[in-house]
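Commentary on secondary and tertiary structure
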Amino acid sequence: MPEITQPLASVVSQFSFMGDVKSVVPYGGGHINVTFLVTTSETRYILQKMNTSVFPDTVHLMRNIELVTAFLRSRGQETLELIPTKDNKTWLEAPSGKYRAYKFIEHTVYYDLVPNASIFRDAGAAFGNFQNDLAQFDASELTETIQHFHDTPHRFADFNEALKADKAGRADTCRPEIDFYLNHADQYSVVMDGLADGSIPLRVTHNDTKLNNILMDETTHKARAIIDLDTVMPGSLLFDFGDSMRFGASTALEDEQDLSKVHFNTEFFRAYAQGFIGEVHPSITEPEIDLLPFSANLLTLECGMRFLADYLAGDTYFATAYPEHNLVRSRTQIKLVQEMEQKASETHKIIDEVMTEVQ
Ligand code: ADP
Ligand code: GN1
Ligand code: MG
């Protein structure tokens, strides 16, 4: 196995893979786990070294994955399929870390950038459908894998702590970006306040709805499977809608350095809204509908402040490829929020029109 380092060779040998392992290579664009593509003489698998500082409670994390995938399968949805270890466990504790493996979902593609509105419309329908499915799932069975995940005021408190500590000595390199997040502080509690006073319903949500967490059929381009189920937890539908827009309704990659290429694309916003609302319109409530446009701003603000907080803390959370990577990411998020703010009346009109279309 020339392409495999020794610790990984020992890891793969402990999973119930079919065939002889031919190669194990880094794979995918996730920021949290370390993902590998395993190719054997018979088939392909995904192997993941789980991020135990982000998800310290592996037992409950994996229990959630088992419950959610079994539930989705029972509803006829294609979903992640865990490959057990040779001693029939759902994950492996090795000296180099904790690992799990999935069947590779073949003949699919994932996108880091929306190629056209139609694909994004399908992604919206898939996440809307996912939301409808999860409405039947008993939330009390799930463990909250990361507390306060989309609690933006809590994220802002973390951001302020990172700023105060300035551990990496970087605050002076990003004053305009810091000021941007300080100046938006009056907006952060909108959804959490609604959840707290009951005006926004608590649902079971995916919570990480970026486009590369959905696999599309390579031929039909239709959504096949929603993956990255680590953060399926109680939450607001607005988290899922807003986070999809943050990533997908941009004309550029999340880490594009040339900000002149980064724009908020309202044609993509409309397409995703059509797909998503087309599925959830029987259950979405008026207060949720009213907040759909703002949810894009909020989730983009939240993610951007998380990137900037991580930059200030010295890049301990998100995987980075170079020292300014998190700063670059936070800048694209700021540019998007600025354009979302400018286009607020347009996005409200789009939501009104889409609501009329689906009725
Ligand atoms: P992270 O939490 O780091 O984002 P993900 O679970 O999203 O990790 O996996 C990273 C990438 O690996 C995904 O974006 C996707 O491209 C790919 N991937 C993960 N699981 C599968 C699978 N079962 N089949 C095919 N590709 C997968
Ligand atoms: C992370 O795991 P991944 O790469 O799909 C992060 C999300 C962020 C996203 C930004 C568990 O998603 O919350 O929105 O990066 N996931 C976790 O790209 O923190
Ligand atoms: Mg992912």
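Now for a quick tour of the structure. All figures in this text were calculated on a predicted structure; none of them were measured in a lab.

With respect to spatial proximity, 20 residues lie near ligand 1, and among them Asn33, Gln48, Ile105, Asn212 and Asp228 are the closest. Contact between ligand 1 and isoleucine 105: a nitrogen atom at 2.9 Å from a main-chain N or O atom of the residue. Here an oxygen atom of ligand 1 and a side-chain polar atom of asparagine 213 are 3.0 Å apart. Expressed as a share of its isolated accessible area of 550 Å², the protein-covered part of ligand 1 is 98%. Judged by its atoms lying within 2 Å of the grid points, ligand 1 is housed in the largest pocket. Elements that contribute at least two residues to the shell around ligand 1 include exactly strand 3 (44–49) and strand 5 (97–103). Of the residues belonging to the shell around ligand 1, the class tally is ten nonpolar, eight polar and two charged.

A few words on the pattern of salt bridges. In total, this model carries 16 salt bridges according to the counting rule given. With its nearest N and O atoms 3.5 Å apart, the salt bridge here joins aspartate 122 to lysine 222. Taken together, the residues aspartate 122 in helix 3 (residues 117–134) and lysine 222 in the loop between strand 8 (214–217) and strand 9 (223–226) connect sequence positions 100 residues apart. A relative accessible area of 48% means that lysine 222 is categorised as partly exposed. A salt bridge links lysine 349 to glutamate 353, with the nearest nitrogen and oxygen atoms 3.1 Å apart. Of this pair, lysine 349 and glutamate 353 are both found in helix 11 (residues 344–358), four residues apart, which corresponds to roughly one turn of the helix. Taking the relative accessible area as the measure of exposure, lysine 349 reaches 52% and is therefore exposed. Residues participating in the shared-partner salt-bridge network are Glu78, Asp217 and Arg224.

It is worth spelling out the sheet that holds strand 6 (residues 108–109) at this point. Read from one edge of the open sheet, three strands run 6-8-9, paired in antiparallel fashion. Only two strands of the sheet have a single partner each, and these edge strands are strand 6 and strand 9. Across three bridges, the pairing between strand 8 and strand 9 is antiparallel. Across the sheet, isoleucine 214 pairs through a bridge with isoleucine 226, a residue of strand 9.

Within this model, the largest pocket holds a volume of roughly 760 Å³. Gly30, Asn212, Asn213, Ile227 and Asp228 are the residues nearest the centre of the largest pocket, which is lined by 44 residues in total. Where the lining of the largest pocket is concerned, the elements lending two or more residues are strand 3, strand 5, strand 6, helix 7 (237–248) and helix 9 (286–313). In terms of residue count, helix 9 provides more of the lining of the largest pocket than any other element does, five residues in total. The residue makeup of the lining of the largest pocket, split by class, is 20 nonpolar, 13 polar and eleven charged. In this model, the second largest pocket occupies a volume close to 520 Å³.

With respect to spatial proximity, 17 residues lie near ligand 2, and among them His31, Lys210, Glu254, Arg306 and Tyr317 are the closest. A distance of 2.5 Å separates an oxygen atom of ligand 2 from a polar atom in the side chain of tyrosine 317. Here ligand 2 has 440 Å² of accessible area as a free molecule, and 98% of this is covered by the chains. Given that more than half its atoms are within 2 Å of the pocket grid, ligand 2 belongs to the largest pocket. With three residues, helix 9 is the single largest residue contributor to the shell around ligand 2. Here the shell around ligand 2 is built from residues that sort into seven nonpolar, four polar and six charged.

Reading the values: the criteria
- Residue indices begin from 1 for each chain and proceed along its sequence in written order.
- Chains carry letters from A onward and ligands carry numbers from 1 onward, assigned in written order.
- Under the rules for a predicted model, residues below a pLDDT of 70 receive no local features and side-chain atom pairs below 80 are neither given nor counted, while totals for whole chains, interfaces and linings still include all residues.
- Based on all heavy atoms of the structure, the side-chain values leave hydrogens and waters out of the count.
- It suffices for a single heavy atom of a residue to lie within 4 Å of a molecule or strand for the residue to be listed as near it.
- We call two N or O atoms a polar contact when they sit within 3.5 Å, provided that within protein one can donate a hydrogen and the other can accept it, with sequence-adjacent residues counted only if both atoms are side-chain atoms.
- Residue-level accessible areas treat just the shown protein chains as cover; the underlying method is Shrake-Rupley with a 1.4 Å probe.
- Cavity means a closed set of points on a 1 Å grid over the protein atoms alone, one where a 1.4 Å probe fits but cannot get out, pocket means an open set with protein on both sides within 12 Å along at least 5 of 7 lines, and lining means a residue has an atom within 4 Å of a point.
- Throughout, a molecule is located in a cavity or pocket provided that more than half of its atoms lie within 2 Å of its grid points.
- To qualify as a helix, a DSSP run of H or I must reach at least 4 residues; to qualify as a strand, a run of E must reach at least 2; elements of each kind are numbered from the N terminus.
- The nonpolar class holds Ala, Val, Leu, Ile, Met, Phe, Trp, Tyr, Cys and Pro. Asp, Glu, Lys and Arg form the charged class, and all remaining residues, Gly among them, are polar.
- When a carboxyl oxygen of Asp or Glu is within 4 Å of a side-chain nitrogen of Lys or Arg, the pair counts as a salt bridge.
- Exposure categories follow from relative accessible area, calculated using a 1.4 Å probe and restricted to protein chains: below 20% of the type maximum is buried, above 50% is exposed, and the middle band is partly exposed.
- When DSSP finds two or more bridges between two strands, those strands count as paired.
- Grid points are joined across faces, edges and corners, and a volume is the space filled by probe spheres set on the points.

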